[in-house]
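Residues per chain, in single letters:
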Amino acid sequence: SQYSAVDTNPLSVYIMQPIWNKIIKIVPLWIAPNLLTFSGFVMILFNYFLISFYDWDYTASGTSPGLVPTWVWLFSAFTTFCAYALDSIDGKHARRTQSSTPLGELFDHGLDSWATSIFVLSFFSVCSRDNGKTGVSVYTMYIYLSIVLFNFMCSHWEKYNTGVLFLPWGYDISQVVLIAAYLLTGTVGVEVWQKPLLFGYYITDVLVILLIGFSLFLSFPQTLYNIHRAHLKKTLKNDSLYEGLLPLVSPLLLFILLTVWVVLSPSNILAKQPRLFLWMVGVAFSNVICKVIICQMSSTRPELFHWFLFPLALVVYAAISGLLGRMEEAVLGVFTTLVTAAHVHYGICVGRQLSEHLNIYIFSLKKRVQE
């Protein structure tokens with residue numbers, strides 16, 4: 001299927017695109033587009049682990065400002081900008097080198113589906129978790145992450161139904177806000193997040209309100225409108241309502257299971273291990289959404305229940321029924337490790353199969369020699 005995406009965001013069209021068009025000229029023609037995509041993702045990951053090292057439990061900014069060195073915030077701004085740039089030019093570079101492939105599209109969106117949660121988890125270190133005076137509660141973090149992932153899912157669910165990816169406005173705006181937030185933190189210090197901004201509201205409150213507003217009143221209605229328009233024009237990919245809604249079943253069940261665990265956990269697992277739990281949420285979600293992206297690209301039907309829901313349901317049941325007892329944290333750790341390993345393994349397998357099928361290398365523009 002031919003890849004088609006529509007970007008109508010003024011920030012992107014008038015400000016960012018001209019910048020990317022300048023940057024792309026310095027990229028050598030022998031570099032594979034997937035290498036750009038992957039480099040951006042590695043930078044985000046590296047940055048995430050760097051912040052985690054200084055602030056494992058999201059308390060550093062709230063309890064003793066200065067625990068995270070200034071250079072880390074400035075480095076975060078730098079890596080976020082680089083990742084944003086690389087993610088924006090990889091497609092242009094693919095067209096420039098005439099190497100656009102379904103593998104590239106999947107690679108880009110698949111890594112984006114994982115990067116989305118990592119961006120959010122890194123940002124939480126800036127505002128820190130609730131310490132009674134300032135900060136954001138771990139439950140707010142969980143809801144915030146869920147809304148961002150819901151937004152990401154909506155744009156791909158829309159593409160599954162319409163065949164066109166309408167790039168969400170929130171993406172460019174969120175990247176620019178993230179970079180600005182890191183620069184602000186690096187230059188002024190984390191204290192800036194702990195003083196009320198207007199009418200007793202903190203910057204973090206404003207950002208949460210903006211995000212929820214954006215999602216519920218802009219992104220989601222836009223998705224429904226685009227699907228409705230395709231329905232009127234008779235260009236919908238799926239005839240039945242069941243077929244159209246099918247990709248939403250697994251993500252919704254995933255969210256329900258995770259929320260049940262958060263709310264009913266005997267040891268209050270989210271408060272005990274916010275970083276581990278939220279990382280697991282992001283990875284699980286990315287795996288579910290990758291399946292949808294593959295189905296949408298290959299015009300196949302997604303399965304009703306993603307395999308991952310079964311082990312998760314077992315773990316959640318064991319946790320909330322008290323079966324795990326004091327083992328809950330340890331089981332979360334093992335489960336998170338297994339989920340991450342399964343996701344990486346899945347990505348490598350799909351990449352290898354596609355590169356063999358399309359007779360191309362993932363990170364090189366050289367053609368494979370036919371056996």
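The protein chain appears in an unreviewed UniProt entry as Ethanolaminephosphotransferase 1 from Vidua macroura. For the protein chain, the Subcellular location (unreviewed entry) comment in UniProt is given as "Endoplasmic reticulum membrane". What UniProt records for the protein chain under Sequence similarities (unreviewed entry) is the sentence "Belongs to the CDP-alcohol phosphatidyltransferase class-I family."

As for the overall build of the protein chain
When helices and strands are tallied, the protein chain shows 13 helices and two strands. Relative to the compact-globule value of 21 Å for 371 residues, the protein chain shows a C-alpha radius of gyration of 21 Å, a close match. A total of 371 residues make up the protein chain; the buried ones form 51% of that total. Of the contacts made within the protein chain by residues no fewer than 6 positions apart, 80% connect residues no fewer than 24 positions apart. Side chains of the protein chain carry 22 positive and 20 negative charges; the gap between the two charge centres is 6 Å.

Some words on the layout of surface pockets
Of the voids in this model, the second largest pocket is the one considered here, and its volume is about 490 Å³. Along the wall of the second largest pocket there are 22 residues; nearest its centre are Phe107, Leu111, Val344, Gly347 and Ile348. Among the elements of the structure, helix 2 (33–54), helix 5 (102–127), helix 11 (274–298) and helix 13 (328–357) are those that each provide at least two residues to the lining of the second largest pocket. With eight residues, the single largest contributor to the lining of the second largest pocket is helix 13. In terms of residue class, the lining of the second largest pocket is built from 17 nonpolar, four polar and one charged.

Digging into helix 7 (residues 169–188)
Between its terminal C-alpha atoms helix 7 stretches 28 Å, which fits the 28 Å expected from 20 residues at 1.5 Å a residue. The complete set of buried residues in helix 7 reads Asp172, Gln175, Leu178, Ile179, Ala181, Tyr182, Thr185 and Gly186. Elements in contact with the buried residues of helix 7: helix 1 (10–23), helix 2, helix 4 (70–96) and helix 5. Looking one or two residues past helix 7, glycine 189 carries a phi angle of roughly 105°, positive in sign.

Overview of the nonpolar core
Formed by 98 residues in total, the largest nonpolar core has its most connected members in Phe123, Phe124, Tyr144, Leu254, Trp261, Phe277 and Leu312. Dropping the residues within four chain positions of it, leucine 312 is found in contact with Leu254, Leu257, Leu258, Trp261 and Phe335.

Remarks on a nonpolar patch on the surface
A cluster of nonpolar side chains, contributed by Leu197, Leu198, Phe199, Tyr201, Val206, Ile209 and Leu210, occupies part of the molecular surface with about 760 Å² of accessible area. The residue tyrosine 201 is located in the loop between helix 7 and helix 8 (203–232) in this model.

Comments concerning the packing of helix 1 against helix 7
Interhelical geometry of helix 1 versus helix 7 gives an angle of 50° and a closest axis separation of 8 Å. With respect to each other, helix 1 and helix 7 are oriented oblique. Counting all contacts with helix 1, which are made through Pro10, Leu11, Ser12 and Met16, the residues of helix 7 involved are Trp169, Asp172, Ile173 and Val176.

Concerning the packing of aromatic side chains
On inspection of all chains with the given rule, the structure shows 25 aromatic pairs. Here tyrosine 84 and tyrosine 171 contribute two aromatic rings whose centre-to-centre distance is 5.8 Å and whose plane-to-plane angle is 80°, an arrangement assigned as edge-to-face. Taken together, the residues tyrosine 84 in helix 4 and tyrosine 171 in helix 7 connect sequence positions 87 residues apart. You can call tyrosine 171 partly exposed: its relative accessible area is 27%. Aromatic ring contacts, followed pair by pair, group Phe41, Tyr48, Phe49, Trp114 and Trp279 into a single cluster. The ring of tyrosine 58 carries the charged tip of arginine 275 above its face, separated from the ring centre by 4.2 Å.

Thoughts on the environment of threonine 70
Mapped onto the secondary structure, threonine 70 falls in helix 4. Between the alpha carbons of threonine 70 and glycine 189 there is a distance of 7.5 Å; along the sequence they are 119 residues apart.

Parameters at a glance
Residues numbered from 1 in each chain as written. Predicted model: local features only at pLDDT ≥ 70, side-chain atom pairs only at ≥ 80, totals over all residues. Heavy atoms only, no water. UniProt positions renumbered as here; feature names shortened; annotations may be inferred. Helix = DSSP H or I, 4+ residues; strand = E, 2+ residues; numbered from the N terminus. Rg over C-alpha atoms; globule rule 2.2 N^0.38 Å. Buried < 20%, exposed > 50% of the residue type's maximum accessible area, 1.4 Å probe, protein only. Contact = heavy atoms within 4.5 Å. Lys, Arg positive; Asp, Glu negative; His and termini not counted. Charge placed at Lys NZ, Arg CZ, Asp CG, Glu CD. 1 Å grid on protein atoms, 1.4 Å probe; cavity = no way out; pocket = protein on both sides within 12 Å on 5 of 7 lines; lining within 4 Å. Points joined across faces, edges and corners; volume = space filled by probe spheres on them. Nonpolar A, V, L, I, M, F, W, Y, C, P; charged D, E, K, R; others polar. Expected span 1.5 Å × (residues − 1). Core = buried A, V, L, I, M, F, W, Y, C linked by side-chain atoms within 4.5 Å. Patch = residues over 30% accessible without salt bridge, like charges linked within 9 Å, V, L, I, M, F, W, Y side chains within 5 Å. Areas by Shrake-Rupley, 256 points an atom, 1.4 Å probe, with all protein chains shown as cover. Salt bridge = Lys/Arg side-chain N within 4 Å of Asp/Glu carboxyl O. Axes fitted to C-alpha atoms, helices over the stretch in contact; angles between N-to-C directions. Parallel < 35°, antiparallel > 145°, perpendicular 65-115°, else oblique. Phe/Tyr/Trp six-rings, centres within 6.5 Å; stacked < 30°, edge-to-face > 60°. Lys NZ or Arg CZ within 6 Å of the ring centre and 35° of its normal.

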